[in-house]
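Structure assessment
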Amino acid sequence: MQVAKKKKKYFIDEILKEQDHDVLRLPPYHCDLNPIELIWADVKRYVRERNATADMSFQRLASEAMINIGNMRWEKHCKHIEHIEKKYWDTDGIVEEVVENISFNINSDSDTESNFSDDDTDDSYDDEH
């Protein structure tokens, strides 16, 4: 007997649903689909480039970086993510099409002939090992 897995409920999701918003979650472990990861990389780069002597406060530099990241940078990262997402959808469509066209012939007869002829075998492996 299979037990149904209980779906997690998030408090914020319920609030958003009450306001007629749809909640879309990113697939787990796909940080390449999250623009905040690109922004965070920008922040880390900003801090690294300006803290060559390691004498400046990380907090101050990180705050400066976040203030200096403007709407244009966010927009650029979001467009980049949309491009990646489109590539994933296109690839997924190809994979689904290929999978739909694959068929397997399972023969339980143990006397079936091999698809390989004697000429196809590579005896060099046995000679070397």
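The structure under discussion appears in the preceding block.
Bear in mind that the values here come from a model prediction, so they are computed numbers and not experimental data. (Residues numbered from 1 in each chain as written. Predicted model: local features only at pLDDT ≥ 70, side-chain atom pairs only at ≥ 80, totals over all residues. Heavy atoms only, no water.)

Assigned secondary structure in the chain consists of five helices and zero strands. Counting from the amino terminus, helix and strand elements in the chain follow one another as α-α-α-α-α. A total of 129 residues make up the chain; the buried ones form 12% of that total. Of all intrachain contacts in the chain linking residues separated by at least 6 positions in sequence, the fraction that spans at least 24 positions is 55%. Summed over its atoms, the accessible surface of the chain is roughly 12500 Å², and 53% of this surface lies on carbon and sulfur atoms. (Helix = DSSP H or I, 4+ residues; strand = E, 2+ residues; numbered from the N terminus. Buried < 20%, exposed > 50% of the residue type's maximum accessible area, 1.4 Å probe, protein only. Contact = heavy atoms within 4.5 Å. Areas by Shrake-Rupley, 256 points an atom, 1.4 Å probe, with all protein chains shown as cover.)

Moving on, we get to the pattern of salt bridges. The full count for this structure, using the stated rule, is seven salt bridges. Several salt bridges share partner residues, and in doing so they unite Asp42, Arg45 and Arg73 into one network. (Salt bridge = Lys/Arg side-chain N within 4 Å of Asp/Glu carboxyl O.)

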